[in-house]
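Residue-level structure breakdown
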Amino acid sequence: MKKNFSFLYLFPQLFFSGLFLLALIYGLWDSFSVEGRMSIAHYKEIFTRGETVPSIFYTLRISFLSSLFSLLLAILFSFLILYFSEKWDRLKPLLQLAIIMPHSLVALFLLFFLSQNGFMARIFYSLKLISDQTAFPELVYDRFGIGVILGYLWKELPFVLFFSLPLAYSVDGKLGEAARTMGASPLYSFFLITLPLSIRQYLAAFFIIFSFSFGSFDLPYLLGNTTERALSVLAYQELQRGFMNRPTALSYNGVMLFFSLLLSFFYFRFLPKKKG
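These notes cover the structure that comes with them.

Cut-off values and rules
- Residues numbered from 1 in each chain as written.
- Predicted model: local features only at pLDDT ≥ 70, side-chain atom pairs only at ≥ 80, totals over all residues.
- Heavy atoms only, no water.
- Phe/Tyr/Trp six-rings, centres within 6.5 Å; stacked < 30°, edge-to-face > 60°.
- Buried < 20%, exposed > 50% of the residue type's maximum accessible area, 1.4 Å probe, protein only.
- Helix = DSSP H or I, 4+ residues; strand = E, 2+ residues; numbered from the N terminus.
- Arc of directions from axis to C-beta.
- Axes fitted to C-alpha atoms, helices over the stretch in contact; angles between N-to-C directions.
- Parallel < 35°, antiparallel > 145°, perpendicular 65-115°, else oblique.
- Left-handed = near helix turned anticlockwise from the far one by under 90°.
- Nonpolar A, V, L, I, M, F, W, Y, C, P; charged D, E, K, R; others polar.
- Core = buried A, V, L, I, M, F, W, Y, C linked by side-chain atoms within 4.5 Å.
- Contact = heavy atoms within 4.5 Å.
- Patch = residues over 30% accessible without salt bridge, like charges linked within 9 Å, V, L, I, M, F, W, Y side chains within 5 Å.
- Areas by Shrake-Rupley, 256 points an atom, 1.4 Å probe, with all protein chains shown as cover.
- Salt bridge = Lys/Arg side-chain N within 4 Å of Asp/Glu carboxyl O.

1. Description of the packing of aromatic side chains
Taken as a whole, this structure holds 21 aromatic pairs when the rule is applied. Aromatic side chains Phe 190 and Phe 191 sit 4.9 Å apart centroid to centroid with 85° between the ring planes, which places their arrangement in the edge-to-face category. Take Phe 190: its relative accessible area is 2%, and that puts it in the buried class. An angle of 70° between the planes, with centres 5.6 Å apart, marks the rings of Phe 265 and Phe 266 as edge-to-face.

2. Observations regarding helix H2 (residues 41-48)
Of the residues making up H2, those classed as buried are His 42, Tyr 43 and Ile 46. For H2, the buried positions fall inside an angular range of 100° around the axis, keeping them on one side. Those residues of H2 that are exposed and aimed more than 90 degrees away from the buried face are Lys 44 and Thr 48.

3. Looking at the packing of helix H3 (residues 52-83) against helix H8 (residues 186-215)
The N-to-C vectors of H3 and H8 enclose an angle of 150°; their axes lie 9 Å apart at closest approach. As far as their axial angle goes, H8 and H3 are roughly antiparallel. The chirality of how H3 crosses H8 is right-handed. Residues belonging to the contact of H3 with H8 are distributed by class as follows: 20 nonpolar, eight polar and no charged.

4. Things to note about the nonpolar core
The biggest cluster of nonpolar side chains holds 24 residues, and the ones touching the most others in it are Ile 75, Val 160, Leu 161, Leu 165, Phe 190 and Tyr 202. Those elements that provide at least two residues to this core are H3, helix H4 (88-100), helix H7 (146-181) and H8. Core analysis: the second largest hydrophobic core is formed by 16 residues, Met 101, Leu 114, Leu 223 and Ala 230 among them.

5. A short note on the environment of Leu 223
Mapped onto the fold, Leu 223 is located in helix H9 (residues 218-223). Residue class for Leu 223 comes out buried when judged on its relative accessible area of 0%. Along the sequence, Leu 223 and Leu 111 sit 112 residues apart, while their C-alpha atoms lie 8.0 Å from each other. Setting aside anything within four residues of it in sequence, one finds Leu 223 in contact with Ala 107, Leu 110, Leu 111, Val 140, Tyr 141, Gly 147 and Val 148.

6. Some remarks on a nonpolar patch on the surface
On the surface, Leu 105, Leu 108, Phe 109, Phe 112, Phe 113, Phe 119, Ile 123, Leu 127 and Leu 129 cluster together into a nonpolar patch covering about 830 Å² of accessible area. Contributions of two or more residues to the nonpolar patch are made by helix H5 (103-114) and helix H6 (119-126). No other element matches H5, which puts five residues into the nonpolar patch. Among the structural elements, Leu 105 can be located in helix H5. Here Leu 105 falls in the partly exposed class, since its relative accessible area comes to 34%.

7. Describing the side chain of Ser 78
Among the secondary structure elements, Ser 78 is positioned in helix H3. Not counting the four nearest positions on each side in its chain, Ser 78 is found in contact with Leu 161, Leu 165, Phe 190 and Tyr 202.

8. What about the packing of H5 against H7?
As a packed pair, H5 and H7 sit with axes 10 Å apart at the nearest point and diverge in direction by 125°. In terms of axis orientation, H5 runs oblique to H7. Handedness of the H5/H7 crossing: right-handed. Residue-level inspection shows His 103, Val 106, Phe 109, Leu 110 and Leu 114 of H5 in contact with H7, the latter providing Gly 147, Leu 150, Gly 151, Trp 154 and Lys 155.

And the structure:
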């Protein structure tokens, strides 16, 4: 009887995992087939387009930079939070609130504050810091992806903290506190004791957010420019041209899948192993 109940608990997970695998297999087959035969014609087509390779580098750049900045800021904030003894129970709801905020709402906030018609541009113009609102730095819809990176930071930084801080709290509460009792400074105890023993958690969060941002669609679509576009946006635009272009759109998804698998390889190959 208990075995039957255990299977019932697993059934939803197995069902949705099966649907995911079927969709993945179907998408790959569709991208690699022409009139029912295996072919790489769709991949040749997208790589002959002048926008594909720049799109790959653009997507890698904004994903890597946003993930790197999130990691570095999370480490800095972890030190400050541990140093000022902020209680995890009080901090946890704030991080959860930031994590569950929809990307579309984040994009709306950034447009309201950072666009050339936004709140900050009007403040700068009112203070006579700029001659015209159009003189405000272009932080959204820019070719460097600054607005997209800021949007990812808004979402990813709380996730890295939420993912990594519990372990950092545990290590600091034992070994870090012992080191400070013996005369070590908070800076020394964090960067030479707490951080090295919890770095695996931070790096795991880095790989997770890198993989997520690489395949994300909403922020590059809402905040990105029109000259350089993310791979996910190219796939969406291909679908918008008509249902017959679905294999080409799925080829863009195949490229994103390849990079995701490559990232998974690096994750399992180079992430520091747990000791003991």
